[in-house]
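# Structure assessment
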There are 2 protein chains.
Amino acid sequence: MHRSTIGAISIDFPSRDVAAATAFWSAALGRSSRQGTRFPEFQVLEGRFGPMEGIVQDVGQTPPRVHLDLHTDDTEAEVARLIALGAREVARHDGWVVLEDPAGMPFCVCGVEGDDPVLEGAAAWDA
Amino acid sequence: MHRSTIGAISIDFPSRDVAAATAFWSAALGRSSRQGTRFPEFQVLEGRFGPMEGIVQDVGQTPPRVHLDLHTDDTEAEVARLIALGAREVARHDGWVVLEDPAGMPFCVCGVEGDDPVLEGAAAWDA
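Notes on the structure in this doc start here. (Residues numbered from 1 in each chain as written. Chains lettered and ligands numbered in written order. Predicted model: local features only at pLDDT ≥ 70, side-chain atom pairs only at ≥ 80, totals over all residues. Heavy atoms only, no water.)

## Some points on the packing of aromatic side chains
Formally: Note on aromatic pairs: the rings of Phe, Tyr and Trp (six-membered ring only in Trp) are paired at centre separations within 6.5 Å, and the planes decide the class, stacked below 30 degrees, edge-to-face beyond 60, tilted for the rest. Relative accessibility under 20% of the residue-type maximum defines a buried residue, over 50% an exposed one, and the middle range a partly exposed one, all with a 1.4 Å probe and only protein chains included. To qualify as a helix, a DSSP run of H or I must reach at least 4 residues; to qualify as a strand, a run of E must reach at least 2; elements of each kind are numbered from the N terminus. We call a charge positioned above a ring when the Lys NZ or Arg CZ atom is no farther than 6 Å from the ring centre and deviates by at most 35 degrees from the ring normal.
Across all of its chains, the model carries 12 aromatic pairs over all chains by this definition. On the basis of an interplanar angle of 85° and a centroid distance of 6.3 Å, the ring pair of phenylalanine 39 of chain A and phenylalanine 42 of chain A is categorised as edge-to-face. The class for phenylalanine 42 of chain A is buried, based on a relative accessible area of 12%. Ring plane angle 85° and centroid distance 5.1 Å describe the contact between phenylalanine 39 of chain B and tryptophan 96 of chain B, whose orientation is recorded as edge-to-face. In this pair, phenylalanine 39 of chain B sits in the loop between strand 2 (33-35) and strand 3 (42-45) while tryptophan 96 of chain B sits in strand 7 (residues 96-100), placing the two residues 57 residues apart along the sequence. An aromatic cluster is present here, built from Phe24 and Trp25 of chain A together with Phe107 of chain B joined pairwise through their rings. The positively charged end of arginine 31 of chain A is found above the aromatic ring belonging to phenylalanine 49 of chain A, 4.0 Å away from the centroid. Arginine 81 of chain B extends its terminal NZ or CZ atom over the ring of tryptophan 125 of chain B, reaching a point 3.6 Å from the ring centre.

## Details of the pairing of strand 5 (residues 65-72) of chain A
Residue and element names in this part refer to chain A. For clarity, the threshold we go by: By the convention used here, strands pair only if DSSP detects at least 2 bridges between them.
By the criterion of burial, strand 5 is predominantly enclosed, with seven of the eight residues buried. Here strand 1 (residues 2-13) runs beside strand 5; their pairing, made up of eight bridges, is antiparallel. Opposite alanine 8, over in strand 5, you have aspartate 69 as the bridge partner. As paired elements, strand 5 and strand 8 (residues 106-111) share four bridges and run parallel to each other. Bridge pairing in strand 8 links histidine 71 to cysteine 110.

## Observations regarding the interface of chain B and chain A
Interfaces are frequently sized by the accessible area removed from exposure as the parts join. Heads up, the rule is: Should any heavy atoms of two residues lie within 4.5 Å, those residues are considered in contact. Summed over both partners, the accessible area lost on bringing two parts together, with a 1.4 Å probe, is the buried area. Note on definitions: salt bridges are taken to be side-chain nitrogens of Lys or Arg within 4 Å of carboxyl oxygens of Asp or Glu. Pairs of N or O atoms are called polar contacts if they sit within 3.5 Å, as long as, within protein, a hydrogen donor faces a hydrogen acceptor (for residues adjacent in sequence, only side-chain-to-side-chain pairs). Ten residues, namely Ala, Val, Leu, Ile, Met, Phe, Trp, Tyr, Cys and Pro, are considered nonpolar, four, namely Asp, Glu, Lys and Arg, are considered charged, and the remaining ones, Gly among them, are considered polar.
Listed per partner, the contact involves 33 residues of chain B and 33 residues of chain A. Interface area, chain B with chain A, both sides summed: about 2,700 Å², of which 84% is carbon and sulfur. Viewed at the interface, chain A and chain B are joined by zero salt bridges. Inspection of the region where chain B meets chain A yields six residue pairs in polar contact (both at pLDDT 80 or more). The class makeup of the residues in the side of chain B that touches chain A is 25 nonpolar, four polar and four charged.

## Remarks on the side chain of serine 10 of chain B
All names here are of chain B. Summarising the element assignment, serine 10 is placed in strand 1 (residues 2-13). Separated by 2.6 Å, the side chains of serine 10 and aspartate 12 make a polar contact. In contact with serine 10, not counting residues within four places along its chain, are Ile55, Gln57, Arg65, Val66 and His67.

## Here's the deal with the relation of the copies chain B and chain A
Quick reminder of the rule: Here the copies are superposed with least squares, the fitted atoms being C-alpha atoms of residues at a pLDDT of at least 70 in both.
Placing chain B over chain A gives an RMSD of 0.0 Å and needs a rotation angle of 180°, together with 0.0 Å of translation along the axis. Considering both components of the superposition, the chain copies are consistent with a two-fold axis. Residues of chain B ranked by C-alpha distance from the rotation axis are headed by glycine 50 of chain B, positioned 2.1 Å from it. Both copies present the same face, since 100% of the interface residues in chain B are matched by interface residues at the equivalent positions in chain A.

## Some thoughts on the environment of valine 118 of chain A
Residue and element names in this part refer to chain A. Here valine 118 shows up in the loop between strand 8 and strand 9 (123-125). Sequence-wise, valine 118 and valine 56 are 62 residues apart; in three dimensions their C-alpha atoms are separated by 19 Å. Excluding residues within four positions of it along the chain, valine 118 makes contact with Thr5, Ile6, Gly7, Arg48, Pro51, His71 and Val112.

## Thoughts on the pattern of salt bridges
All names here are of chain A. Tallied over the entire structure, the rule returns 16 salt bridges over all chains. Arginine 16 is the salt-bridge partner of aspartate 17, the closest N and O atoms lying 3.8 Å from each other. Aspartate 17 sits in the buried class, given a relative accessible area of 17%. Under the relative-accessibility criterion, arginine 16 is labelled exposed at 67%.

## Overview of helix 1 (residues 18-29) of chain B
Selection rule: To estimate how far a helix should reach, multiply one less than its number of residues by 1.5 Å.
Over its 12 residues, helix 1 of chain B extends 16 Å from the first C-alpha to the last, a length consistent with the 16 Å expected when each residue adds 1.5 Å. Every buried residue of helix 1 of chain B is accounted for by Val18, Ala21, Thr22, Phe24, Trp25, Ser26, Ala28 and Leu29 of chain B.

So this is what it looks like as structure tokens:
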């Protein structure tokens, strides 16, 4: 059995727009932001949005977009489950896997500890 | 004083992909879906994601994307606040306004009643 849920909303911008975009979304949502420590390409918005984190990500040359992060206590089982549903693995990073849904939209699967509060209310899967 | 918060995550697909995308995201997130009654171009995912709704939207010819809906008890005040922060109004619909952030990413401001539970924990604005 493993669990998964939407764990983060990532608001992504090309590098040239990240400072302005972080200022805008911080003010728009009324949350301060701080640079990620382990991954400095992320600006983390203060607090949570329900169970979810809000982050602003520098995506280099990629145009602005929003993507969803699924948080899970078993990354490999979750990636396999999603691939069986029609997703495609695109890239592996330290702590998360990038996938595309069947229409080609990117999203990520991120591993968290089993006692992470984000998993309260998460869906539970047998495989 | 008015309030606003992220109230919905909308997973948007071109018309040709909506049926497959609704099936994928419904299974990926473990939520059943139902067609919107007032707006049949939306498939509403069962339950909430924290305080937020999850919806799959048919966006015609537009490529796949995710967009955020800000829910507020004063649409005009919220749109004016966001335009003062650098957003741009793009279109008006019955119940919501489409904006672009300073980098050109679309999002919406949607009016809800002042007693809507989504506004619990929302940011409060004086103007």
